[in-house]
Amino acid sequence: MPESELSNTRAAAHAAHAHSATLKRLEQSSGSLAAQAITRMDETLPWYRAMPPENRSWIGLVAQAGIAAFTEWFRRPDAPQAISTDVFGTAPRELTRAITLRQTVEMVRTTIEVMESAIDEVAAPGDENVLREALLVYAREIAFATAQVYAQAAEARGAWDARLESLVVNAVLSGEADEGAVSRAAALGWSAPEHVCVVLGTAPDGDSELTVEAIRRASRHAKLQVLTGVLGSRLVVIAGGSDNPMAVAKSLIGPFAAGPVVAGPVVPDLLAATRSAQAAAAGLKACSAWQDAPRPVLADDLLPERAIAGDPGAREQLVEEIYRPLEEAGSALLETLAVYLEQASSLEGAARMLFVHPNTVRYRLRRVTDVTGWSPSDVRSAFTLRIALILGRLVDGDPQS
């Protein structure tokens, strides 16, 4: 055998002997290394000291599994290794909720640092660099495995949260919201804001998850809480944190597809959000009857169209908020308003029909505006007032009412 080959054989034999000796030392010291890692965590990581004993115990098992996995890695560095299963499989799934990714990184770093500090003691003479290089490669793989574990946990939580959010949104839209829906919303981070409204419109084509994420970005910018989802062709947003539904709709309108966007009235909480959702849904259905409707539009601005379309809530609201207050304010206001509308909004014509001065008509119409909030001199408001008068008369003329 040539001298060079003999020298290489001896070197390989020496390296194999050193590797075997290092592996034996590593196996013998794995328990003490794990104990040192736990001690170092207790000394340097405040969050670890503050954890419940059960979680600290699981972290100890993860550290031990990590060192044991490195031992197997060092024994057969060329064999495929399922590090995430070996190391993190010892801990329950709930641990990824109790420990953040940053804390896990600190835990892994502490364990690796303890192992690095013990290289000169553990490695057989002449095998220090081999052990150090193996630990560097292993640390890289552990980093990837950590990221994978938390990415999978985040994906699982995201999918579960999406299903949970869809249940809440559907319950509100269908009128089935109850304390269970409130509990599910709380689990999603909904903190029960005082003012809630529902915004409805058409969902854009494409990935609904991208649409939902766009709504979330817009809500963060507007400092609103939202529960949102795509139900069929509709994009539904339950927004909390503002008593101005028009401002809410304008701040969230970007992700909606072309077409009407309707904001329901503000309600006090999530349980009452069904009322806002039903008004918005009725407004979305009736919006085609008002071709010049603004975008977005309030459901309350669509009361006459909703009433004509058969929405009982809109009919009741028109009677209770317009007709009844006028009735209680005196018959003169109702009569003056009716005559004014029948005379094509002519002050002089109404004055002649009522045998009063035009200034009297003008005064009474101002009173109508004060009582109802709708101005008879505005074309759109006059239409709403006319529908309210018709509905009020129908209710009063119905012997069953």
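Above this text you will find the structure in question.
What you see is a predicted model; the values in this text were computed from it and never measured.

A. Spotlight on the overall build of the protein chain. Looking only at helices and strands, one finds 18 helices and five strands in the protein chain. By residue count, 43% of the 401 residues in the protein chain fall in the buried class. Taking all contacts inside the protein chain whose residues are at least 6 apart in sequence as the whole, residues at least 24 apart take part in 68%.

B. Spotlight on the pairing of strand β1 (residues 196-202). Among the seven residues that make up β1, six are buried, leaving the element largely enclosed by the rest of the structure. The pairing of β1 with strand β3 (residues 234-240) spans seven bridges and is classified as antiparallel. Considered in β3, the bridge of Cys197 is made with Ala239. As judged from the two bridges shared by β1 and strand β4 (residues 262-263), these two strands associate in the antiparallel manner. For Leu200, the partnering residue across the bridge sits in β4 and is Val262.

C. Layout of the sheet that holds β1. Overall, mixed pairing links the five strands, which are arranged β2-β3-β1-β4-β5 in an open sheet. Single-partner strands in this sheet number two, and they are β2 (225-231) and β5 (297-298). Alignment of β4 against β5, held across two bridges, turns out to be parallel. Paired with Ala263 across the bridge in β5 is Leu298. Together, β1, β3 and β4 form the strand contacts of helix α12 (residues 273-286), whose direction differs from that of β1 by roughly 30 degrees.

D. View of helix α17 (residues 358-372). The terminal C-alpha atoms of α17, which comprises 15 residues, lie 21 Å apart, in line with the 21 Å expected from a rise of 1.5 Å per residue. For α17, the set of buried residues is Val361, Arg364, Leu365, Val368 and Thr372. Seen from one end, α17 has its buried residues packed into an arc of 105 degrees, which puts them on one side. Looking at the packing, one finds that the buried side of α17 touches α14 (312-328), α15 (331-342), α16 (347-354) and α18 (379-397). Note on α17: the residue one or two positions beyond its end, Gly373, has a positive phi of about 85 degrees.

E. Structural view of the pairing of β3. Most of β3 sits out of view: six of its seven residues are buried. Across seven bridges, β2 lies against β3 in antiparallel orientation. Along β3, the bridge assignment pairs Gly229 with Val236. Where β2 hands over to β3, the hairpin turn is made up of two residues, of which Gly232 adopts a positive phi near 65 degrees.

F. Here's a closer look at the environment of Asp178. Looking at the element boundaries, Asp178 is found in the loop between α8 (128-174) and α9 (179-187). What makes Asp178 partly exposed here is its relative accessible area of 39%. In the structure, Asp178 is positioned 10 residues away from Val168 in sequence and 9.4 Å away in space, judged by C-alpha atoms. Every residue in contact with Asp178, bar those within four places of it in the chain, is listed here: Arg184 and Leu271.

G. Broad picture of the packing of α14 against α15. At a minimum axis separation of 6 Å, α14 and α15 run at an interaxial angle of 125 degrees. Looking at the two axes, α14 sits oblique to α15. Between α14 and α15, the residues in contact are Tyr323, Leu326 and Glu327 and Leu333, Leu334 and Leu337, respectively. Across the contact of α14 with α15, the residue classes break down as five nonpolar, no polar and one charged.

H. Layout of the environment of Gly264. Topologically, Gly264 is positioned in the loop between β4 and α12. Taking the C-alpha atoms as reference points, Gly264 and Thr274, 10 residues apart in sequence, are found 9.7 Å from one another.

I. A look at unusual backbone geometry. Here Arg295 and Pro296 are connected by a cis peptide whose omega angle stands at 0 degrees. Along the polypeptide, Pro296 turns up in the loop between α12 and β5. Positive phi values are uncommon outside glycine, yet Ser345 reaches one of about 60 degrees. Mapping Ser345 onto the fold places it in the loop between α15 and α16. Judged by its relative accessible area of 34%, Ser345 falls in the partly exposed class.

Rules of the game
Residues numbered from 1 in each chain as written. Predicted model: local features only at pLDDT ≥ 70, side-chain atom pairs only at ≥ 80, totals over all residues. Heavy atoms only, no water. Helix = DSSP H or I, 4+ residues; strand = E, 2+ residues; numbered from the N terminus. Buried < 20%, exposed > 50% of the residue type's maximum accessible area, 1.4 Å probe, protein only. Contact = heavy atoms within 4.5 Å. Pairing = 2+ DSSP bridges. Axes fitted to C-alpha atoms, helices over the stretch in contact; angles between N-to-C directions. Expected span 1.5 Å × (residues − 1). Arc of directions from axis to C-beta. Parallel < 35°, antiparallel > 145°, perpendicular 65-115°, else oblique. Nonpolar A, V, L, I, M, F, W, Y, C, P; charged D, E, K, R; others polar.

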